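# Overview (structure and organization)
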Amino acid sequence: MILLYTNEWLVKGFIEGRESCIKYMYREYFPMVRSIVSTRKGNLEDAEDIFHDGLMIIHKRLKNKGFILNSSLKTYLFSVCKNLWRRRLERKFRLLYAADTYLGDADSCDTPEDLEEENAEKFRLYKKHFAELPEFCRELLTHYIRRTPLEDIARIMNYKDAEYVKARKYYCKNLLRKKILNDPECKQFMNYE
Amino acid sequence: MNDFLTQSHWIGKFTDNELSSEQETQLLYQASQNPLLRNELRLDKDLTEMFADPELIELSETIRKTIKDEKSKVHMPFYLKIAASVIILISLAGFTGFIINYTNQRYGNDLLSHQRFLKPQLKGLWGLLPGNMNPNMSSTPVKRRAIVQNSITDNPYTPRPEYEFLVGTVTRDISVMVISPMPRVKCRSDSLLQFSWRWLTGPVPLCLEITDNHGRIVLNYLQMTDVSYILNTKQWARGLYYYKITSGDELVTMGSISIY
(Lines give C-alpha, C1' and ligand atoms only; values in the text may rest on other atoms or scores of the structure.)
Protein backbone atom coordinates (compact mmCIF):
# COMPACT_ATOMS: atom_id res chain seq x y z
CA MET A 1 0.00 0.00 0.00
CA ILE A 2 1.30 3.48 -0.89
CA LEU A 3 0.80 6.06 1.84
CA LEU A 4 0.81 9.76 1.23
CA TYR A 5 3.14 11.77 3.43
CA THR A 6 3.12 15.46 4.03
CA ASN A 7 6.44 17.21 3.74
CA GLU A 8 6.73 17.62 7.54
CA TRP A 9 6.01 13.96 8.23
CA LEU A 10 8.44 12.90 5.57
CA VAL A 11 11.21 15.11 6.95
CA LYS A 12 10.57 13.88 10.48
CA GLY A 13 10.49 10.23 9.42
CA PHE A 14 13.60 10.63 7.31
CA ILE A 15 15.58 12.19 10.16
CA GLU A 16 14.57 9.20 12.29
CA GLY A 17 15.70 6.92 9.45
CA ARG A 18 12.30 5.25 8.99
CA GLU A 19 12.36 2.67 6.23
CA SER A 20 8.80 3.45 5.13
CA CYS A 21 9.77 7.08 4.47
CA ILE A 22 12.83 6.06 2.48
CA LYS A 23 10.68 3.65 0.48
CA TYR A 24 8.19 6.39 -0.21
CA MET A 25 10.98 8.76 -1.27
CA TYR A 26 12.41 6.12 -3.56
CA ARG A 27 9.05 5.53 -5.23
CA GLU A 28 8.17 9.18 -5.56
CA TYR A 29 11.51 10.90 -6.07
CA PHE A 30 13.81 8.35 -7.66
CA PRO A 31 12.29 8.75 -11.18
CA MET A 32 13.17 12.44 -10.94
CA VAL A 33 16.80 11.65 -10.00
CA ARG A 34 16.99 9.03 -12.73
CA SER A 35 15.84 11.56 -15.28
CA ILE A 36 18.49 14.08 -14.10
CA VAL A 37 21.21 11.47 -14.50
CA SER A 38 19.99 9.75 -17.63
CA THR A 39 19.59 12.98 -19.56
CA ARG A 40 23.19 13.87 -18.72
CA LYS A 41 25.13 10.81 -19.82
CA GLY A 42 24.46 8.65 -16.77
CA ASN A 43 23.05 5.17 -16.28
CA LEU A 44 20.80 3.53 -13.70
CA GLU A 45 23.66 2.68 -11.35
CA ASP A 46 24.85 6.27 -11.41
CA ALA A 47 21.31 7.39 -10.61
CA GLU A 48 21.15 5.03 -7.63
CA ASP A 49 24.49 6.29 -6.34
CA ILE A 50 23.40 9.90 -6.73
CA PHE A 51 20.11 9.17 -4.99
CA HIS A 52 21.96 7.48 -2.12
CA ASP A 53 24.50 10.28 -1.76
CA GLY A 54 21.80 12.94 -2.05
CA LEU A 55 19.82 11.39 0.79
CA MET A 56 22.91 11.06 2.94
CA ILE A 57 23.76 14.73 2.45
CA ILE A 58 20.21 15.87 3.17
CA HIS A 59 20.04 13.67 6.26
CA LYS A 60 23.22 15.22 7.59
CA ARG A 61 21.97 18.75 6.89
CA LEU A 62 18.53 18.10 8.38
CA LYS A 63 20.13 16.83 11.58
CA ASN A 64 22.00 20.08 11.88
CA LYS A 65 19.95 22.27 14.27
CA GLY A 66 20.76 25.50 12.44
CA PHE A 67 19.51 24.21 9.10
CA ILE A 68 16.10 25.43 7.89
CA LEU A 69 14.45 23.71 4.97
CA ASN A 70 12.68 26.43 2.99
CA SER A 71 11.40 24.26 0.14
CA SER A 72 9.80 20.86 -0.16
CA LEU A 73 12.01 17.83 0.32
CA LYS A 74 11.50 16.87 -3.29
CA THR A 75 12.73 20.24 -4.59
CA TYR A 76 15.69 20.16 -2.23
CA LEU A 77 16.62 16.62 -3.24
CA PHE A 78 16.35 17.66 -6.87
CA SER A 79 18.81 20.52 -6.43
CA VAL A 80 21.24 18.44 -4.34
CA CYS A 81 21.22 15.56 -6.81
CA LYS A 82 21.57 17.87 -9.77
CA ASN A 83 24.63 19.54 -8.20
CA LEU A 84 26.09 16.20 -7.22
CA TRP A 85 25.80 14.81 -10.71
CA ARG A 86 27.16 17.99 -12.30
CA ARG A 87 30.22 17.89 -10.04
CA ARG A 88 30.75 14.22 -10.68
CA LEU A 89 30.56 14.76 -14.42
CA GLU A 90 32.97 17.67 -14.20
CA ARG A 91 35.45 15.50 -12.36
CA LYS A 92 35.11 12.73 -14.93
CA PHE A 93 35.59 15.12 -17.83
CA ARG A 94 38.56 16.76 -16.23
CA LEU A 95 40.20 13.35 -15.88
CA LEU A 96 39.33 12.35 -19.41
CA TYR A 97 40.05 15.47 -21.43
CA ALA A 98 42.36 17.57 -19.31
CA ALA A 99 44.56 15.16 -17.45
CA ASP A 100 47.29 17.73 -17.31
CA THR A 101 45.07 20.24 -15.53
CA TYR A 102 45.63 20.61 -11.83
CA LEU A 103 43.00 18.45 -10.11
CA GLY A 104 42.67 20.41 -6.94
CA ASP A 105 41.61 23.63 -8.60
CA ALA A 106 39.82 26.38 -6.78
CA ASP A 107 36.22 25.52 -7.67
CA SER A 108 36.39 21.83 -6.80
CA CYS A 109 36.05 22.05 -3.03
CA ASP A 110 35.49 25.61 -2.01
CA THR A 111 32.32 25.53 0.09
CA PRO A 112 31.17 23.36 3.01
CA GLU A 113 28.44 22.01 0.72
CA ASP A 114 31.06 20.83 -1.74
CA LEU A 115 32.94 19.07 1.03
CA GLU A 116 29.75 17.43 2.21
CA GLU A 117 29.02 16.18 -1.27
CA GLU A 118 32.49 14.79 -1.65
CA ASN A 119 32.33 13.16 1.75
CA ALA A 120 29.06 11.50 0.82
CA GLU A 121 30.67 9.97 -2.22
CA LYS A 122 33.67 8.84 -0.22
CA PHE A 123 31.38 7.33 2.36
CA ARG A 124 29.51 5.35 -0.29
CA LEU A 125 32.72 3.99 -1.75
CA TYR A 126 34.07 3.06 1.67
CA LYS A 127 30.84 1.26 2.41
CA LYS A 128 31.06 -0.58 -0.89
CA HIS A 129 34.54 -1.86 -0.07
CA PHE A 130 33.54 -2.59 3.48
CA ALA A 131 30.85 -4.93 2.13
CA GLU A 132 33.50 -6.75 0.09
CA LEU A 133 35.69 -7.54 3.11
CA PRO A 134 35.93 -11.13 4.41
CA GLU A 135 33.16 -12.18 6.77
CA PHE A 136 35.26 -12.12 9.95
CA CYS A 137 36.52 -8.61 9.13
CA ARG A 138 33.03 -7.28 8.58
CA GLU A 139 31.85 -8.84 11.81
CA LEU A 140 34.79 -7.52 13.77
CA LEU A 141 34.54 -3.99 12.37
CA THR A 142 30.76 -3.96 12.89
CA HIS A 143 31.34 -4.71 16.57
CA TYR A 144 33.96 -2.01 16.62
CA ILE A 145 31.55 0.50 15.01
CA ARG A 146 28.93 -0.37 17.63
CA ARG A 147 31.54 0.33 20.27
CA THR A 148 31.40 -3.14 21.74
CA PRO A 149 34.21 -3.51 24.33
CA LEU A 150 37.23 -5.41 23.02
CA GLU A 151 36.87 -8.09 25.71
CA ASP A 152 33.31 -8.74 24.60
CA ILE A 153 34.35 -8.92 20.95
CA ALA A 154 37.01 -11.47 21.93
CA ARG A 155 34.39 -13.54 23.72
CA ILE A 156 31.84 -13.31 20.89
CA MET A 157 34.34 -14.12 18.15
CA ASN A 158 36.28 -16.74 20.12
CA TYR A 159 39.54 -14.78 20.10
CA LYS A 160 42.27 -15.20 22.65
CA ASP A 161 42.16 -11.73 24.23
CA ALA A 162 41.55 -8.02 23.63
CA GLU A 163 45.07 -7.55 22.27
CA TYR A 164 44.45 -10.09 19.57
CA VAL A 165 41.16 -8.36 18.71
CA LYS A 166 43.09 -5.11 18.30
CA ALA A 167 45.61 -6.80 16.04
CA ARG A 168 42.80 -8.26 13.91
CA LYS A 169 41.11 -4.88 13.76
CA TYR A 170 44.29 -3.24 12.45
CA TYR A 171 44.67 -6.01 9.94
CA CYS A 172 41.08 -5.57 8.72
CA LYS A 173 41.37 -1.81 8.49
CA ASN A 174 44.61 -2.26 6.61
CA LEU A 175 42.83 -4.59 4.18
CA LEU A 176 40.05 -2.05 3.72
CA ARG A 177 42.53 0.76 3.05
CA LYS A 178 44.31 -1.31 0.43
CA LYS A 179 41.03 -2.08 -1.32
CA ILE A 180 40.03 1.57 -1.35
CA LEU A 181 43.40 2.81 -2.56
CA ASN A 182 43.45 0.28 -5.40
CA ASP A 183 40.00 1.29 -6.63
CA PRO A 184 40.22 3.59 -9.72
CA GLU A 185 36.91 5.18 -8.78
CA CYS A 186 38.38 6.25 -5.44
CA LYS A 187 41.45 7.68 -7.11
CA GLN A 188 39.17 10.12 -8.97
CA PHE A 189 38.46 12.14 -5.90
CA MET A 190 41.11 11.12 -3.38
CA ASN A 191 43.35 13.99 -4.31
CA TYR A 192 45.15 14.08 -1.00
CA GLU A 193 48.46 14.63 -2.72
CA MET B 1 60.26 1.18 5.57
CA ASN B 2 57.17 2.05 3.64
CA ASP B 3 56.26 -1.61 3.21
CA PHE B 4 56.98 -2.23 6.81
CA LEU B 5 54.73 0.60 7.90
CA THR B 6 51.84 -0.20 5.63
CA GLN B 7 51.93 -3.87 6.49
CA SER B 8 52.18 -3.29 10.16
CA HIS B 9 49.56 -1.87 12.46
CA TRP B 10 51.31 1.42 13.01
CA ILE B 11 48.80 3.41 11.01
CA GLY B 12 45.88 2.08 13.01
CA LYS B 13 47.73 2.55 16.25
CA PHE B 14 48.60 6.12 15.25
CA THR B 15 44.92 6.93 14.68
CA ASP B 16 44.02 5.31 18.00
CA ASN B 17 46.84 7.23 19.76
CA GLU B 18 48.45 4.03 20.85
CA LEU B 19 51.95 4.64 19.55
CA SER B 20 54.78 5.61 21.84
CA SER B 21 56.27 9.07 21.32
CA GLU B 22 59.33 7.63 19.55
CA GLN B 23 57.21 5.50 17.27
CA GLU B 24 54.98 8.47 16.53
CA THR B 25 57.92 10.70 15.65
CA GLN B 26 59.32 7.98 13.42
CA LEU B 27 56.03 7.51 11.65
CA LEU B 28 55.49 11.22 11.10
CA TYR B 29 58.99 11.55 9.71
CA GLN B 30 58.29 8.70 7.30
CA ALA B 31 55.00 10.29 6.34
CA SER B 32 56.68 13.58 5.51
CA GLN B 33 58.94 11.68 3.08
CA ASN B 34 56.34 9.34 1.63
CA PRO B 35 53.12 10.59 -0.06
CA LEU B 36 51.63 7.07 -0.10
CA LEU B 37 51.94 6.81 3.63
CA ARG B 38 50.36 10.25 4.03
CA ASN B 39 47.44 9.10 1.92
CA GLU B 40 47.04 6.03 4.07
CA LEU B 41 47.10 8.04 7.27
CA ARG B 42 44.38 10.37 5.97
CA LEU B 43 42.30 7.49 4.69
CA ASP B 44 42.58 5.77 8.03
CA LYS B 45 41.41 8.96 9.70
CA ASP B 46 38.45 9.11 7.30
CA LEU B 47 37.57 5.51 8.03
CA THR B 48 37.75 6.09 11.75
CA GLU B 49 35.40 9.05 11.35
CA MET B 50 33.04 6.93 9.30
CA PHE B 51 33.04 4.21 11.93
CA ALA B 52 32.34 6.79 14.60
CA ASP B 53 28.78 7.34 13.32
CA PRO B 54 26.87 4.04 13.36
CA GLU B 55 23.60 5.87 12.68
CA LEU B 56 24.90 7.09 9.35
CA ILE B 57 26.02 3.58 8.42
CA GLU B 58 22.60 2.24 9.36
CA LEU B 59 20.89 4.88 7.23
CA SER B 60 23.14 4.09 4.30
CA GLU B 61 22.34 0.40 4.63
CA THR B 62 18.61 1.15 4.80
CA ILE B 63 18.81 3.26 1.63
CA ARG B 64 20.78 0.57 -0.19
CA LYS B 65 18.38 -2.14 0.98
CA THR B 66 15.38 -0.08 -0.12
CA ILE B 67 16.87 0.52 -3.55
CA LYS B 68 17.65 -3.18 -3.93
CA ASP B 69 14.20 -4.29 -2.76
CA GLU B 70 12.31 -1.80 -4.86
CA LYS B 71 14.43 -2.56 -7.90
CA SER B 72 13.64 -6.25 -7.65
CA LYS B 73 9.91 -5.48 -7.66
CA VAL B 74 8.28 -5.32 -11.04
CA HIS B 75 6.87 -1.85 -11.52
CA MET B 76 4.29 -1.81 -14.23
CA PRO B 77 4.07 1.39 -16.26
CA PHE B 78 0.90 3.40 -15.79
CA TYR B 79 -0.50 2.70 -19.24
CA LEU B 80 -0.01 -1.04 -18.68
CA LYS B 81 -1.89 -0.81 -15.38
CA ILE B 82 -4.82 0.84 -17.18
CA ALA B 83 -4.71 -1.76 -19.94
CA ALA B 84 -4.66 -4.59 -17.39
CA SER B 85 -7.63 -3.03 -15.53
CA VAL B 86 -9.62 -2.74 -18.77
CA ILE B 87 -8.88 -6.36 -19.70
CA ILE B 88 -9.93 -7.57 -16.24
CA LEU B 89 -13.17 -5.55 -16.38
CA ILE B 90 -14.00 -6.86 -19.86
CA SER B 91 -13.30 -10.42 -18.74
CA LEU B 92 -15.51 -10.01 -15.67
CA ALA B 93 -18.31 -8.50 -17.73
CA GLY B 94 -18.03 -11.33 -20.24
CA PHE B 95 -18.06 -13.94 -17.52
CA THR B 96 -21.11 -12.37 -15.87
CA GLY B 97 -22.89 -12.16 -19.22
CA PHE B 98 -22.09 -15.78 -19.90
CA ILE B 99 -23.49 -16.86 -16.53
CA ILE B 100 -26.69 -14.86 -17.05
CA ASN B 101 -27.14 -16.17 -20.55
CA TYR B 102 -26.35 -19.74 -19.61
CA THR B 103 -28.67 -19.66 -16.59
CA ASN B 104 -31.57 -18.31 -18.67
CA GLN B 105 -30.98 -20.81 -21.43
CA ARG B 106 -30.70 -23.74 -19.08
CA TYR B 107 -33.86 -22.97 -17.21
CA GLY B 108 -35.68 -22.01 -20.38
CA ASN B 109 -34.63 -25.15 -22.21
CA ASP B 110 -35.51 -27.33 -19.27
CA LEU B 111 -38.97 -25.85 -19.06
CA LEU B 112 -39.67 -25.80 -22.75
CA SER B 113 -38.45 -29.32 -23.36
CA HIS B 114 -40.98 -30.72 -20.93
CA GLN B 115 -43.88 -28.33 -21.17
CA ARG B 116 -44.12 -26.00 -24.09
CA PHE B 117 -46.85 -23.96 -22.42
CA LEU B 118 -44.60 -22.95 -19.57
CA LYS B 119 -42.90 -19.63 -19.89
CA PRO B 120 -39.36 -19.33 -18.46
CA GLN B 121 -39.28 -16.41 -16.07
CA LEU B 122 -35.92 -16.71 -14.31
CA LYS B 123 -33.98 -13.51 -14.76
CA GLY B 124 -30.36 -14.60 -14.69
CA LEU B 125 -28.55 -14.34 -11.40
CA TRP B 126 -31.13 -11.95 -10.00
CA GLY B 127 -33.72 -14.68 -10.16
CA LEU B 128 -31.83 -16.48 -7.45
CA LEU B 129 -32.30 -13.66 -4.95
CA PRO B 130 -34.73 -14.40 -2.11
CA GLY B 131 -36.82 -11.34 -2.97
CA ASN B 132 -37.78 -12.88 -6.27
CA MET B 133 -39.00 -16.11 -4.78
CA ASN B 134 -42.29 -14.83 -3.48
CA PRO B 135 -44.63 -16.65 -5.91
CA ASN B 136 -44.66 -19.62 -3.58
CA MET B 137 -44.75 -17.75 -0.29
CA SER B 138 -48.07 -19.09 0.91
CA SER B 139 -46.61 -22.59 0.97
CA THR B 140 -45.43 -22.63 4.55
CA PRO B 141 -42.56 -24.85 5.72
CA VAL B 142 -44.95 -26.84 7.87
CA LYS B 143 -47.12 -27.63 4.87
CA ARG B 144 -44.16 -28.54 2.73
CA ARG B 145 -42.73 -30.71 5.46
CA ALA B 146 -46.07 -32.48 5.77
CA ILE B 147 -46.16 -33.07 2.05
CA VAL B 148 -42.67 -34.47 2.05
CA GLN B 149 -43.47 -36.64 5.05
CA ASN B 150 -46.55 -38.06 3.39
CA SER B 151 -44.86 -38.52 0.08
CA ILE B 152 -42.52 -40.98 1.70
CA THR B 153 -45.37 -43.25 2.74
CA ASP B 154 -47.96 -42.55 0.02
CA ASN B 155 -47.53 -42.70 -3.71
CA PRO B 156 -47.46 -39.06 -4.69
CA TYR B 157 -48.43 -39.71 -8.30
CA THR B 158 -51.65 -41.67 -7.76
CA PRO B 159 -54.44 -39.76 -9.50
CA ARG B 160 -57.47 -38.69 -7.46
CA PRO B 161 -60.59 -39.82 -9.34
CA GLU B 162 -62.94 -37.10 -8.04
CA TYR B 163 -60.61 -34.42 -9.41
CA GLU B 164 -59.35 -36.30 -12.43
CA PHE B 165 -62.65 -36.23 -14.31
CA LEU B 166 -62.85 -32.45 -13.94
CA VAL B 167 -59.37 -31.76 -15.31
CA GLY B 168 -59.45 -29.74 -18.50
CA THR B 169 -63.13 -29.99 -19.07
CA VAL B 170 -64.65 -27.47 -16.74
CA THR B 171 -65.05 -23.81 -17.61
CA ARG B 172 -68.23 -22.59 -16.07
CA ASP B 173 -67.53 -18.88 -15.92
CA ILE B 174 -67.27 -17.52 -19.44
CA SER B 175 -66.17 -14.07 -18.24
CA VAL B 176 -62.60 -15.42 -17.67
CA MET B 177 -60.46 -17.11 -20.31
CA VAL B 178 -57.49 -19.08 -18.92
CA ILE B 179 -54.51 -18.94 -21.28
CA SER B 180 -51.94 -20.93 -19.38
CA PRO B 181 -51.13 -23.47 -18.09
CA MET B 182 -52.66 -26.26 -20.03
CA PRO B 183 -54.91 -28.63 -18.08
CA ARG B 184 -52.20 -31.24 -17.70
CA VAL B 185 -48.79 -29.86 -16.88
CA LYS B 186 -45.63 -31.83 -16.30
CA CYS B 187 -42.64 -29.99 -14.97
CA ARG B 188 -39.49 -30.25 -12.92
CA SER B 189 -39.40 -29.39 -9.25
CA ASP B 190 -37.35 -26.27 -9.90
CA SER B 191 -39.65 -24.78 -12.54
CA LEU B 192 -41.59 -21.58 -12.72
CA LEU B 193 -45.15 -22.11 -13.78
CA GLN B 194 -47.11 -19.25 -15.18
CA PHE B 195 -50.81 -18.91 -14.68
CA SER B 196 -52.34 -16.32 -16.99
CA TRP B 197 -55.84 -15.39 -17.99
CA ARG B 198 -57.86 -12.59 -19.54
CA TRP B 199 -61.12 -11.12 -18.38
CA LEU B 200 -63.64 -10.77 -21.12
CA THR B 201 -66.01 -8.35 -19.46
CA GLY B 202 -64.09 -6.76 -16.65
CA PRO B 203 -61.67 -7.67 -13.85
CA VAL B 204 -63.09 -10.11 -11.37
CA PRO B 205 -61.03 -11.31 -8.38
CA LEU B 206 -59.89 -14.87 -8.87
CA CYS B 207 -58.76 -17.53 -6.45
CA LEU B 208 -56.11 -20.15 -7.09
CA GLU B 209 -56.10 -23.28 -4.99
CA ILE B 210 -53.62 -26.11 -5.33
CA THR B 211 -54.04 -29.44 -3.63
CA ASP B 212 -51.98 -32.58 -3.69
CA ASN B 213 -53.30 -35.92 -4.85
CA HIS B 214 -54.63 -36.60 -1.34
CA GLY B 215 -56.75 -33.49 -1.33
CA ARG B 216 -54.59 -31.48 1.07
CA ILE B 217 -54.44 -27.80 0.24
CA VAL B 218 -50.89 -26.82 -0.62
CA LEU B 219 -51.53 -23.26 -1.79
CA ASN B 220 -54.52 -21.02 -1.55
CA TYR B 221 -54.05 -17.70 -3.25
CA LEU B 222 -56.95 -15.33 -3.05
CA GLN B 223 -58.08 -12.17 -4.76
CA MET B 224 -55.84 -12.23 -7.76
CA THR B 225 -56.42 -9.04 -9.69
CA ASP B 226 -53.42 -9.30 -12.05
CA VAL B 227 -53.60 -11.12 -15.34
CA SER B 228 -50.88 -13.57 -14.38
CA TYR B 229 -49.39 -15.41 -11.45
CA ILE B 230 -46.04 -17.18 -11.32
CA LEU B 231 -45.73 -20.29 -9.26
CA ASN B 232 -42.28 -21.39 -8.20
CA THR B 233 -42.16 -25.13 -7.65
CA LYS B 234 -38.59 -25.14 -6.45
CA GLN B 235 -39.34 -26.17 -2.89
CA TRP B 236 -42.23 -28.45 -3.70
CA ALA B 237 -42.12 -32.18 -3.23
CA ARG B 238 -42.40 -34.32 -6.30
CA GLY B 239 -45.86 -35.64 -7.05
CA LEU B 240 -49.22 -34.94 -8.59
CA TYR B 241 -51.05 -31.73 -7.75
CA TYR B 242 -54.39 -30.30 -8.82
CA TYR B 243 -54.99 -26.63 -9.36
CA LYS B 244 -58.36 -24.97 -9.28
CA ILE B 245 -59.12 -21.42 -10.39
CA THR B 246 -62.37 -20.06 -9.09
CA SER B 247 -64.18 -16.79 -9.42
CA GLY B 248 -66.33 -16.30 -6.37
CA ASP B 249 -68.37 -19.50 -6.06
CA GLU B 250 -67.90 -20.52 -9.67
CA LEU B 251 -65.18 -22.80 -10.91
CA VAL B 252 -63.27 -21.37 -13.88
CA THR B 253 -60.98 -24.23 -14.65
CA MET B 254 -59.17 -27.15 -13.12
CA GLY B 255 -55.95 -28.91 -14.08
CA SER B 256 -53.18 -31.16 -12.85
CA ILE B 257 -49.52 -30.45 -12.31
CA SER B 258 -47.14 -33.35 -12.24
CA ILE B 259 -43.86 -32.41 -10.63
CA TYR B 260 -41.02 -34.84 -11.14
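Preceding block: the structure.
Below, the structure is looked at part by part. (Residues numbered from 1 in each chain as written. Chains lettered and ligands numbered in written order. Predicted model: local features only at pLDDT ≥ 70, side-chain atom pairs only at ≥ 80, totals over all residues. Heavy atoms only, no water.)

## Examining the overall build of chain A
If you tally the helices and strands in chain A, you get nine helices and zero strands. Each helix and strand of chain A, placed in order from N terminus to C terminus, yields the pattern α-α-α-α-α-α-α-α-α. By residue count, 44% of the 193 residues in chain A fall in the buried class. Put simply, 59% of the contacts in chain A that link residues at least 6 apart link residues at least 24 apart. Here chain A displays about 10,400 Å² of accessible surface, and carbon together with sulfur accounts for 54% of that area. (Helix = DSSP H or I, 4+ residues; strand = E, 2+ residues; numbered from the N terminus. Buried < 20%, exposed > 50% of the residue type's maximum accessible area, 1.4 Å probe, protein only. Contact = heavy atoms within 4.5 Å. Areas by Shrake-Rupley, 256 points an atom, 1.4 Å probe, with all protein chains shown as cover.)

## Considering the packing of aromatic side chains
Two descriptors summarise a pair of aromatic rings, namely the distance from one centre to the other and the angle between the planes of the rings. Applying the stated criterion across every chain yields a total of nine aromatic pairs over all chains. With 5.5 Å between their ring centres and 55° between their planes, A:Phe67 and A:Tyr76 make a pair best called tilted. Ring centres 5.2 Å apart and planes at 80° place the aromatic pair B:Phe195 and B:Tyr243 in the edge-to-face group. Taken together, the residues B:Phe195 in strand 3 (residues 192–199) and B:Tyr243 in strand 7 (residues 239–247) connect sequence positions 48 residues apart. Of the residues examined, B:Phe195 reaches a relative accessible area of 0% and is grouped as buried. Members of the aromatic cluster, connected to one another through ring pairs, are A:Tyr26, A:Phe30 and A:Phe51. Over the aromatic face of B:Tyr260 sits the side chain of B:Lys186, whose NZ or CZ is 5.9 Å from the ring centroid. (Phe/Tyr/Trp six-rings, centres within 6.5 Å; stacked < 30°, edge-to-face > 60°. Lys NZ or Arg CZ within 6 Å of the ring centre and 35° of its normal.)

## Some points on the sheet that holds strand 3 of chain B
Residue and element names in this part refer to chain B. Spatially, three strands are ordered 1-3-6 in an open sheet, and the strand pairing comes out antiparallel. Each edge of the sheet is formed by a strand with only one pairing partner; in this case those strands are strand 1 (176–180) and strand 6 (228–232). On average, adjacent strands in this sheet sit at an angle of 20° to one another, irrespective of strand direction. With four bridges joining them, strand 1 and strand 3 adopt antiparallel strand pairing. (Pairing = 2+ DSSP bridges. Axes fitted to C-alpha atoms, helices over the stretch in contact; angles between N-to-C directions.)

## Here we look at the nonpolar core
Among the nonpolar cores identified, the biggest contains 59 residues, and A:Phe51 and A:Leu77 are the most heavily contacted of them. The biggest single contributor to this core is helix 2 (residues 19–38) of chain A, with eleven residues. Setting aside chain neighbours within four positions, we find A:Leu77 in contact with A:Tyr29, A:Met32, A:Val33, A:Phe51, A:Gly54, A:Leu55 and A:Ile58. Of all hydrophobic cores here, the second largest spans 23 residues; its members include B:Cys187, B:Met224, B:Leu231 and B:Trp236. (Core = buried A, V, L, I, M, F, W, Y, C linked by side-chain atoms within 4.5 Å.)

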